[in-house]
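# Descriptive analysis of the structure
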Amino acid sequence: GFDLGGEAWLSFRDGQLEQANGSLKTPYLQLGVGEKSLSPLKDIQARFGWRRSGVQGPGEWHLKQLGWNWNGTTVSPFSVRLMPVDGGITVISDALPLGPLAGLVSSLPILPEQASSALEHYRPAGFLDNMTLWLPDDAGAGFELSGALREVSVQAYHGAPGGSGLYGSLKVNEKGGTVRVHAGDEPATLGFPELFRGDWSFPELEAEVSWQLDGAITRVFSDSIHMRYGDKTRLSGAFDLRLDRNG
């Protein structure tokens, strides 16, 4: 269920709705998929805009200062734009908060079990800026996602290291992707809890990691890892892993 409030201004031309603008305030929105329900989204607020699009579809939507509270976590305001294009829809967002969205998505039974488990355990945080997501009308035709990483952190899990203070870029599609990361003004940290008790701090860090998906096989590789530890120690490395879901 939901309780909807707000205000809107409508513009018509030749008897047809051409544009709508307004604000939305919703005290709660109950979420559920199938027989599973979750804690409601609370205090949802946004400024919205809609206009008719030249492409057949639901029109172009803009949401600004979108934010809410879920399960005790307040989501910082961000913006989203949905633009129909030939053959699909493009979603554009800025200042997308990774932590609250990852927690919400992993709690809903809408992702494969492996993906939900990864989000739950890696617990990404930070922001994805200048995000562009293209979704085709044909759900089986794939997708394309890109964006800029800001103040990103992930938890160590299943042998993979944890990290924080990461900046960079991300490009992903249904066949794989590439992430490029570097340290910001403050040192980046990497943690290997299965090997070392404490995290390592790197004033300088640059790395590019790619992955390719081919059925049950996932290849994760990098030939460009460079970092500085302390004042005089510089490290460079590379790796190439082949992971088989079937063992």
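Structural data are supplied above this passage.
Residues numbered from 1 in each chain as written. Predicted model: local features only at pLDDT ≥ 70, side-chain atom pairs only at ≥ 80, totals over all residues. Heavy atoms only, no water.

Looking only at helices and strands, the chain features 2 helices and 19 strands. Counting all 247 residues of the chain, 31% fall into the buried class. Across the chain, the fraction of contacts at a sequence separation of at least 24, relative to all contacts at a separation of at least 6, is 43%. Per element, the accessible surface of the chain, about 15,600 Å² overall, is 52% carbon and sulfur. One finds the centroid of the 21 positive side-chain charges in the chain at a distance of 3 Å from the centroid of its 29 negative side-chain charges. (Helix = DSSP H or I, 4+ residues; strand = E, 2+ residues; numbered from the N terminus. Buried < 20%, exposed > 50% of the residue type's maximum accessible area, 1.4 Å probe, protein only. Contact = heavy atoms within 4.5 Å. Areas by Shrake-Rupley, 256 points an atom, 1.4 Å probe, with all protein chains shown as cover. Lys, Arg positive; Asp, Glu negative; His and termini not counted. Charge placed at Lys NZ, Arg CZ, Asp CG, Glu CD.)

In this sheet, strand β6 (residues 60-70) lies alongside strand β5 (residues 41-51) in antiparallel orientation, the contact comprising 8 bridges. Bridge pairing links R51 to E60 in β6. Relative to strand β8 (residues 78-85), β6 is paired through 4 bridges, and the arrangement is antiparallel. Residue pairing across strands places L66 opposite F78, the latter belonging to β8. As paired elements, β6 and strand β7 (residues 73-74) share 2 bridges and run antiparallel to each other. Bridging from a neighbouring strand, N69 pairs with T74 of β7. (Pairing = 2+ DSSP bridges.)

As a further point, take the packing of aromatic side chains. Evaluation of the coordinates by the stated rule reveals 5 aromatic pairs. With centroids separated by 6.5 Å and ring planes inclined at 55 degrees, the aromatic side chains of W50 and W61 adopt a geometry described as tilted. Within this pair, whereas W50 is found in strand β5, its partner W61 is found in strand β6, the two being separated by 11 residues in sequence. On the basis of relative accessibility, which here comes to 12%, the residue W50 falls in the buried class. (Phe/Tyr/Trp six-rings, centres within 6.5 Å; stacked < 30°, edge-to-face > 60°.)

With that out of the way, let us pick up the layout of surface pockets. Regions of empty space are outlined by a rolling probe, equal in size to a water molecule, passed over the atoms. Taken as a whole, the second largest pocket holds about 190 Å³ of empty space. Forming the walls of the second largest pocket are Q19, N21, G22, R47, F48, G49, W50, R51, H62 and K64. Counting only elements with at least two residues in the lining of the second largest pocket, the list comes to β2 (16-29), β5 and β6. Broken down by element, the residue count for the lining of the second largest pocket peaks at 5 residues, all from β5. The class makeup of the residues in the lining of the second largest pocket is 2 nonpolar, 5 polar and 3 charged. (1 Å grid on protein atoms, 1.4 Å probe; cavity = no way out; pocket = protein on both sides within 12 Å on 5 of 7 lines; lining within 4 Å. Points joined across faces, edges and corners; volume = space filled by probe spheres on them. Nonpolar A, V, L, I, M, F, W, Y, C, P; charged D, E, K, R; others polar.)

It is worth spelling out unusual backbone geometry at this point. Even without glycine at this site, N71 takes up a positive phi of about 55 degrees. With respect to the helices and strands, N71 occurs in the loop between β6 and β7. Although it is not a glycine, R123 adopts a positive phi angle of roughly 45 degrees. Turning to its location among the elements, R123 is positioned in the loop between α2 (113-122) and β11 (125-136). With a relative accessible area of 53%, R123 lands in the exposed category.

Here we come to the nonpolar core. Grouped together as the largest cluster of nonpolar side chains are 36 residues, with contacts concentrated most on L41, L66, W68, F78, M131, L149 and L205. Beyond its immediate chain neighbours, meaning those up to four positions away, F78 contacts L63, K64, Q65, L66, W68, S93, D94, A95, L96 and P97. (Core = buried A, V, L, I, M, F, W, Y, C linked by side-chain atoms within 4.5 Å.)

This next bit is on the pairing of strand β14 (residues 176-183). Most of β14 is tucked away, with 6 of its 8 residues classed as buried. Where strand β13 (residues 162-173) lies against β14, 8 bridges are found, and the strand directions are antiparallel. Counted as the bridge partner of K171 is T178 from β14. Connecting the antiparallel pair β13 and β14 is a turn made up of 2 residues. Bridge analysis of β14 against strand β17 (residues 204-214) gives 7 bridges, and the strand direction is antiparallel. Residue pairing for β17: T178 is matched across the bridge by S210.

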